[in-house]
Amino acid sequence: LGTDIYLSRFYDDSIRATPPVQLHIAYYTGQVDAVPHVPDRCMVAGGFVPMTAEPITIPLDVGTTAWKQDSQYDLDGEPYPYVTKRNIITGQNEIIRMPLGEFQLRTTEFTHPQIGDDRVIAGYFFVANGKTTAYPERIRMLAFDPSSKYAYYCKIQFTIRGGRDFDTEKFEKAVSDLSTQLLPEIMACLPDWSQVIQQSNE
C-alpha cells in the first residue's frame, strides 16, 4: 500500500439484506511521489476484468445538506462545512470540519473467472489537505504544494460483491448511506486542515 496507516473492515446491513460493504482507508503523508493504489489498477493486476474501458465517475450523497458553514475558518475563500458530534469518551460536543469539494466516486465494475455471474464494484475518492477529489492524478495538485509545510491525502474506498442484478445505482445508494454515517468519524481522525494552516502561519 505504500503506507502503514490504513484500515480495512466490512459493514453488513442485516436489516435490508444488502451485500456487505468493504471499506478500505489508507492515509499518506510525507510522500511527494506516492502513487495511490486504486482498484482499476490493483484489481486488474489480481485477475479481475473491468467491464468498461475506463472507470466512471458517479455522484455520492454524503448528507451535505445537514452540514453547517463555519464563518471563522475558510479555505481559498470558501467557508469550511462542519458537523457537531458528541464525543463518546468525554461526553462533550465537538466540531468536526468536513472537506470541501464535490463528492464523487471513481467507480469500476469487475467480473472474475472464479465468481461466476457475480459482479464486484469498487469505488473511491480522496480527501487531500481539506479538499476532495475522485481522480488520482489530481492528488499532487491538492496535496503537494511546495510552499506548504504540511500535506496529506487519504483514500476512502468501497467494494461490494453482488449478483448479476447488482448495478452501479445500487452501489451508489449503499455507499452513500454508509458514507453519510462514517464520513464525520473519518474526518475526526484526519488532520483538521483549518488548524494546520493556522499553526503553519504562526
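Throughout, residues of each chain are indexed from 1 in the direction in which the sequence is written. The predicted origin of the model limits local features to residues at a pLDDT of at least 70 and limits the giving and counting of side-chain atom pairs to 80 or more, whereas totals for whole chains, interfaces and linings rest on all residues. To get the side-chain values, take all heavy atoms of the structure and skip hydrogens and water.

So, about the environment of Met 43. Numbering of helices and strands runs from the N terminus; a helix is a DSSP stretch of H or I covering at least four residues, while a strand is a stretch of E covering at least two. Along the chain, Met 43 turns up in helix α1 (residues 39-45). Measuring from C-alpha to C-alpha, the distance between Met 43 and Asn 129 comes to 27 Å, with 86 residues separating the pair along the chain. In contact with Met 43, other than residues within four places in its own chain, are Phe 48, Phe 110, Val 120 and Ala 122. Contacts between residues were defined by any pair of non-hydrogen atoms, one from each residue, lying within 4.5 Å.

Attention now moves to helix α3 (residues 168-189). We define the bend at each residue as the angle formed by axes fitted to the 7 residues ending at it and the 7 residues starting at it. Along its length, α3 reaches its greatest deviation from straightness, about 45 degrees, at Leu 182, and the proline Pro 184 lies no more than four positions downstream. Every buried residue of α3 is accounted for by Phe 171, Ala 174, Val 175, Ser 176, Leu 178, Ser 179, Leu 182, Leu 183, Pro 184, Ile 186 and Met 187. Summary of the burial criterion: residues with accessible area below 20% of their type's maximum are buried, those above 50% are exposed, and those between are partly exposed, where the area comes from a 1.4 Å probe applied to protein chains only.

Criterion used throughout: strands pair if DSSP finds at least two bridges between them. Bridge analysis of strand β3 (residues 49-50) against strand β8 (residues 104-111) gives 2 bridges, and the strand direction is antiparallel. Bridge assignment links Val 49 to a residue of β8, and that residue is Thr 111. Both strand β4 (residues 56-59) and β8 contribute to a ladder of 4 bridges, which runs antiparallel. Note that in β8 the partner of Pro 59 across the bridge is Gln 104. As judged from the 5 bridges shared by β8 and strand β9 (residues 119-128), these two strands associate in the antiparallel manner. Of the residues in β9, the one forming a bridge with Phe 110 is Val 120.

So, on to the pattern of salt bridges. The term salt bridge refers to a side-chain nitrogen of Lys or Arg lying within 4 Å of a carboxyl oxygen of Asp or Glu. All chains considered together, the criterion is met by 9 salt bridges. Taking the shortest distance from any N to any O, the salt bridge between Lys 131 and Asp 76 comes out at 2.4 Å. With a gap of 55 residues between them, Lys 131 in strand β10 (residues 131-133) and Asp 76 in the loop between β5 (68-75) and β6 (78-86) connect regions that are remote in the sequence. Here Asp 76 falls in the exposed class, since its relative accessible area comes to 64%. Overlapping salt bridges bring together Asp 70, Arg 97 and Asp 192 as one network.

The sheet built from 3 strands is open, its strands ordered β5-β6-β7 with antiparallel pairing. For this open sheet the edge positions go to β5 and β7 (93-97), each flanked by a neighbour on one side alone. When strand polarity is set aside, the average angle formed by the axes of neighbouring strands in this sheet is 45 degrees. Both β6 and β7 contribute to a ladder of 5 bridges, which runs antiparallel. Counterpart to Lys 85 in the pairing with β7 is Glu 94. Helix axes use the C-alpha atoms of the stretch in contact, all axes being lines fitted to C-alpha atoms, and the angles between their N-to-C directions lie in the range 0 to 180 degrees.

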